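# Coordinates in review
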Amino acid sequence: MRKTTGAIGLGAALAVSAVLGIGTSGAAHAAPAKPQSLYPPSALVLTVGWGADAATTEVQRAVTLSCRPTPTGTHPAPTQACAELRSVGGMFGQLRTGAEAGRVCTKEWHPITVTAEGIWDGRRVSYEHTFANNCFKSAAPTLVFEF
């Protein structure tokens, strides 16, 4: 009789704990979200297109660039592009966009616009620059927009 009473008590305790969610269910006790990395996020989308400004430009090419913790993305030279951005603290406006010395370009007006949108070291970035033509864009001594 004692064994039967003990078995009934154990069954009742298990039934109550299942109803109340007390137990070792992995799904009931999900771990809180934790950051995946110690680094602030850096993820950018870079574009190039023909036109005088980003609003009217039809994008011809676009790549992704992420610099933390290691340089990755679809950019053809992510390591060099990330190094250039780190050297100016992620301030795209400080990248050298003028033609290299000795480079000769025509004065033809066939504008090409580059943009950068995303996050750099945890802060929002939105950048746009228009070159007079593709020669001036290619003459700029930066690899960030060479793709």
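Residues numbered from 1 in each chain as written. Predicted model: local features only at pLDDT ≥ 70, side-chain atom pairs only at ≥ 80, totals over all residues. Heavy atoms only, no water.

### Brief notes about the overall build of the protein
Going by this rule: Helix numbers and strand numbers start at the N terminus; a helix is a DSSP run of H or I with at least 4 residues, a strand a run of E with at least 2. Any pair of residues with heavy atoms lying within 4.5 Å of one another is described as a contacting pair.
Each helix and strand in the protein was counted, giving 3 helices and 4 strands. In the protein, the order of α-helices and β-strands from amino to carboxyl end is α-β-β-α-β-β-α. Considering only residue pairs separated by 6 or more positions, the protein has 59% of its internal contacts joining residues 24 or more positions apart.

### Brief notes about the pattern of salt bridges
Rules: We define a salt bridge as a contact between a side-chain nitrogen of Lys or Arg and a carboxyl oxygen of Asp or Glu at a distance within 4 Å. With a 1.4 Å probe rolled over the protein chains alone, any residue whose accessible area is under 20% of its type maximum counts as buried; one over 50% counts as exposed, and the rest are partly exposed.
Inspection of every chain in the model, using the stated rule, returns 3 salt bridges. A salt bridge links Arg68 to Asp121, with the shortest nitrogen-to-oxygen separation between them at 3.6 Å. Here the residue Arg68 occupies a position in the loop between β2 (58-66) and α2 (78-87), and Asp121 occupies one in the loop between β3 (112-120) and β4 (123-131), the gap between them amounting to 53 residues. Exposure remark for Arg68: the relative accessible area of 30% places this residue in the partly exposed category. A residue is classified by how much of its surface remains accessible, and Asp121, at 32% relative accessible area, is partly exposed. The closest approach of N and O atoms between Glu117 and Arg124, which form a salt bridge, is 3.4 Å.

### Description of the sheet that holds β2
Quick reminder of the rule: For two strands to be treated as a pair, DSSP must find at least two bridges joining them. Orientation is described by lines fitted to C-alpha atoms, with helices fitted over the stretch in contact, and by angles between N-to-C directions that extend from 0 to 180 degrees.
With antiparallel pairing, 4 strands are arranged side by side in an open sheet as β2-β1-β3-β4. Each edge of the sheet is formed by a strand with only one pairing partner; in this case those strands are β2 and β4. This sheet shows a mean twist of 15 degrees between the axes of neighbouring strands, independent of strand direction. Note that strand β1 (residues 43-50) and β2 share 8 bridges and pair antiparallel. From the neighbouring strand, Leu46 faces β2, where its bridge partner is Val63. Taken strand by strand, α2 contacts β1, β2 and β3, and its axis lies near 85 degrees from that of β2.

### Examining the packing of aromatic side chains
The cut-off we apply is this: Only the six-membered ring of Trp is used, alongside the rings of Phe and Tyr, when aromatic pairs are assigned; centres must lie within 6.5 Å, and planes under 30 degrees apart are stacked while those over 60 apart are edge-to-face, with the rest tilted.
Here the structure, examined in full by the defined rule, presents 3 aromatic pairs. Aromatic pair Phe92 and Tyr127: ring centres 5.4 Å apart, planes at 25 degrees, arrangement stacked. Taken together, the residues span a long stretch of sequence, with Phe92 in the loop between α2 and β3 and Tyr127 in strand β4 at a distance of 35 residues. For the residue pair Phe92 and Tyr127, the accessibility class agrees, reading buried in each case. Taken together, a centroid distance of 6.2 Å and an interplanar angle of 50 degrees make the contact between Phe92 and Phe145 tilted. Separated by 53 residues along the polypeptide, Phe92 in the loop between α2 and β3 and Phe145 in the segment after α3 (134-139) bring together distant segments of the chain.

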